[in-house]
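So the chains spell out like this:
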Amino acid sequence: MLQLRNIEKVYQTKTIETVALHQVNLTIGKGEFVSIMGPSGCGKSTLLSIMGLLDEPTSGEIELDGRPVQSYSDRELAALRNQKIGFVFQSYHLINDLSVLDNVELPLLYRPGVGGKERRERAYAALDKVGLSPRTSHFPGQLSGGQRQRVAIARALAGRPEIILADEPTGNLDSVMGEEILDLLLHLNREGTTIVMVTHDEQQALKTQRLIRFFDGSQVS
Ligand code: ADP
Ligand code: ADP
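Source: prediction; values computed, not measured.

**A look at the packing of helix H4 (residues 116-129) against helix H5 (residues 145-158)**
Direction vectors running N to C along H4 and H5 enclose 135 degrees, while the axes themselves pass 8 Å from each other. Our classification of the angle between H4 and H5 gives oblique. Judged by the twist between their axes, the crossing of H4 over H5 is right-handed. On H5, the residues touching Arg 122, Ala 126, Leu 127 and Lys 129 of H4 are Ala 154, Leu 157 and Ala 158. Of the residues belonging to the contact of H4 with H5, the class tally is 5 nonpolar, no polar and 2 charged.

Set out below in structure tokens:
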């Protein structure tokens, strides 16, 4: 569903040029669960941003469902990102003064054709799926790290994404909570969601279908 060809990403500042990705060729098939490992600074977050259409490569091609991403207008890209892709971050990125339910509804506010009633239903369904139905009116500050990450996953799910891109989703969690989050992602994957996850945890990575290792901007295995 997602194909990257000859991707290069160069960050240019006044004094230095950093090659963050070099000659990356990668295909993510529908329904796959792929994990990406590699040392800090090797380009994993950059890769995820490019896969998520948040950032453009310096050169190379990206195809989404067989169509070159370059052929979409900015507006179409924003819609694609909103509708097809769910993001989960290490540090959750929840809004602390919104309730759990409101956090989960938030991305649907910008979704054409989804009214208030459907938004609420989808948010409740997503929270049910991650086991947080009893916490819908809590605020993020009242939840554990694992629960916050489950809210973030519910927020991604409410958009019914085809692919979830997760950047170290268990990086801030202890091993028990990390395990819970991985189990949840494995479950969502079995239900059909494609997942790409950056992780530092080899045990977790080995539970996914495919492990890709990066070093210094390139895929090494
Ligand atoms: P990882 O996620 O594997 O830690 P990143 O993708 O964050 O790696 O970074 C890859 C390289 O690109 C690093 O050398 C980093 O310093 C550099 N880099 C990342 N973002 C920027 C940026 N906005 N400007 C300049 N350099 C950057
Ligand atoms: P870290 O791994 O350092 O905690 P995160 O996983 O929180 O970083 O974020 C990964 C990348 O995604 C960062 O480059 C950040 O700028 C970007 N990012 C974070 N939150 C959002 C968001 N809500 N929308 C788009 N991009 C984001």
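Once you've had a look at it, read on.
**Observations regarding the site of ligand 2**
Within the structure, ligand 2 sits among Leu 54, Phe 89, Gln 90, Ser 91, His 93 and Asp 167. Here Ser 91 contributes a side-chain N or O atom positioned 2.9 Å from an oxygen atom of ligand 2. Between ligand 2 and the protein, one listed contact pairs an oxygen atom with a side-chain N or O atom of His 93 at 2.8 Å. When ligand 2 sits alone it has 570 Å² of accessible area, and the protein chains cover 48% of it. Along the lines of polarity and charge, the residues of the shell around ligand 2 split into 2 nonpolar, 3 polar and 1 charged.

**Here's the deal with the nonpolar core**
In globular proteins that are soluble, nonpolar side chains generally tend to be buried together. Counting 32 residues, the largest nonpolar core has Val 104, Leu 127, Val 130, Ile 153 and Leu 185 as the members making the most contacts within it. At the level of elements, helix H3 (100-105), H4, H5, strand S7 (163-167), helix H6 (175-190) and strand S8 (194-198) are the ones that each hand at least two residues to this core. Sort the elements by how many residues they give to this core and H5 lands first, with 7 residues. Apart from the residues within four sequence positions on either side, Val 130 is in contact with Arg 150, Ile 153, Ala 154, Leu 157 and Leu 184. Core analysis: the next-biggest nonpolar cluster, separate from the first, contains 30 residues, Leu 26, Val 69, Tyr 72 and Ile 212 among them.

Definitions and cut-offs
Residues numbered from 1 in each chain as written. Chains lettered and ligands numbered in written order. Predicted model: local features only at pLDDT ≥ 70, side-chain atom pairs only at ≥ 80, totals over all residues. Heavy atoms only, no water. Axes fitted to C-alpha atoms, helices over the stretch in contact; angles between N-to-C directions. Helix = DSSP H or I, 4+ residues; strand = E, 2+ residues; numbered from the N terminus. Parallel < 35°, antiparallel > 145°, perpendicular 65-115°, else oblique. Left-handed = near helix turned anticlockwise from the far one by under 90°. Contact = heavy atoms within 4.5 Å. Nonpolar A, V, L, I, M, F, W, Y, C, P; charged D, E, K, R; others polar. Near = heavy atom within 4 Å. Polar contact = N/O pair within 3.5 Å; in protein donor to acceptor, adjacent residues only side chain to side chain. Areas by Shrake-Rupley, 256 points an atom, 1.4 Å probe, with all protein chains shown as cover. Core = buried A, V, L, I, M, F, W, Y, C linked by side-chain atoms within 4.5 Å. Buried < 20%, exposed > 50% of the residue type's maximum accessible area, 1.4 Å probe, protein only.

Such coordinate-based values are descriptive only and should not be taken to indicate function.
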